[in-house]
Amino acid sequence: MIDGALPYLRCPVCREPLQRHDRALRCPRGHSFDMAKQGYADLSAGRLPHTGDSAEMIADRADFLAAGHYAFIAEALARAAADLHDQDPIAVRREVRDSEVILDAGTGTGDYLAHVLGAAPTAVGLGLDVSKPALRRAARAHPRAAAVLTDLWRPLPVADASATVILNVFAPRNGPEFARVLRPRGRLLVVTPAAEHLAELVAAHGLIQVDPDKAARVGETLDEHFRPVGTTTLRHEMRLTATEVRTLIGMTPSARHVTVGDLPARDVTVTAAVVLTAYAKRV
């Protein structure tokens, strides 16, 4: 649904607004960008230094999320986004009226964005990712969501102060750009793994461990532009089949380090633990 997001997109070359021309997006200066047949827009503006998650990783992620194991994360994000309206109801609602934009930086399959949009019936969604296999799914994740190919470490092809909420779930964090595109009263919602995340699998199969200083490092990367306004640790016990364990590992970087034959052949209980932090822009 790229048309609904067009007012908030910008040319990655000259920063001018974009217009739809059949299967391309063009700016007034003549820069043109293709729309993939799967529905996402390529605003990468040249060769990307990396290609993100592979098709196999994305397929595993789609299967695992479809089973509902991480629904507790999606629900917490939806609640946190809704809480923004309760902070300063009159001012916030005036700011977002008819133009609420939820930007998902590192959208993956678009599942989290779709869940938040489901709780925000007038909002427009904009999912950014560097993985083409991910965007093929994100482009059809929700009728009000648009998907865009871009590198999160580069300037984002998004208008200044356009996003009401930025979601950032297990994804890179570009503090200066997040601050530029977020509205003054907006919120940045960051989800990172807690120390005990997937601890049972880490101990049994040597998965890549969570850096114990990760929370502090995330805060440091955002500190210049944002201040934390709330932090919650979410924990959920998952009862997984052997197939689901393989799928879970397959959607993570640990897939390259774990031998399939070493994985369990029975159901196991695994702890999912993440930290959800809400940030406001510094003034």
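Up top you'll find the structure we're talking about.
Residues numbered from 1 in each chain as written. Predicted model: local features only at pLDDT ≥ 70, side-chain atom pairs only at ≥ 80, totals over all residues. Heavy atoms only, no water.

Engineer: When you look at the sheet that holds strand β2 (residues 24–26) in this model, what are you seeing that I'm missing?
Structural biologist: Pairing between the strands of a sheet is mediated by backbone hydrogen bonds and can be parallel or antiparallel. Reading across from one edge, β1-β2-β3 is the order of the three strands in this open sheet, with antiparallel pairing throughout. With one partner strand each, in any of the chains shown, β1 (19–21) and β3 (32–34) form the two edges of the open sheet. Across the sheet, the mean angle from the axis of one strand to that of its neighbour is 30°, orientation sign disregarded. As paired elements, β2 and β3 share three bridges and run antiparallel to each other. Pairing of Leu25 across the sheet is with Phe33, part of β3. (Pairing = 2+ DSSP bridges. Helix = DSSP H or I, 4+ residues; strand = E, 2+ residues; numbered from the N terminus. Axes fitted to C-alpha atoms, helices over the stretch in contact; angles between N-to-C directions.)

Engineer: What is the right way to look at the packing of helix α2 (residues 55–66) against helix α10 (residues 242–250) in this model?
Structural biologist: Helices that pack against each other are described as a pair by the angle of their axes relative to one another and the distance between those axes. Direction vectors running N to C along α2 and α10 enclose 130°, while the axes themselves pass 8 Å from each other. Compared by their axis directions, α2 and α10 come out oblique. Where α2 crosses over α10, the handedness of that crossing is left-handed. Only Glu244, Thr247, Leu248 and Gly250 of α10 make contact with α2, whose side of the interface consists of Met57, Asp60, Asp63 and Phe64. Of the residues contributing to the contact of α2 with α10, the split by class is three nonpolar, two polar and three charged. (Parallel < 35°, antiparallel > 145°, perpendicular 65-115°, else oblique. Left-handed = near helix turned anticlockwise from the far one by under 90°. Contact = heavy atoms within 4.5 Å. Nonpolar A, V, L, I, M, F, W, Y, C, P; charged D, E, K, R; others polar.)

Engineer: Is there a simple way to think about the sheet that holds strand β8 (residues 163–169) in this case?
Structural biologist: Strand order in the open sheet made by the eight strands is β4-β7-β6-β5-β8-β9-β11-β10, with mixed pairing throughout. The open sheet is flanked by β4 (41–42) and β10 (226–240), the only strands paired with a single partner. With five bridges joining them, strand β5 (residues 101–105) and strand β6 (residues 124–129) adopt parallel strand pairing. Bridge pairing links Val101 to Val124 in β6. Across the face of the sheet, α10 comes into contact with β10 and β11 (268–281) while running at roughly 150° to β10.

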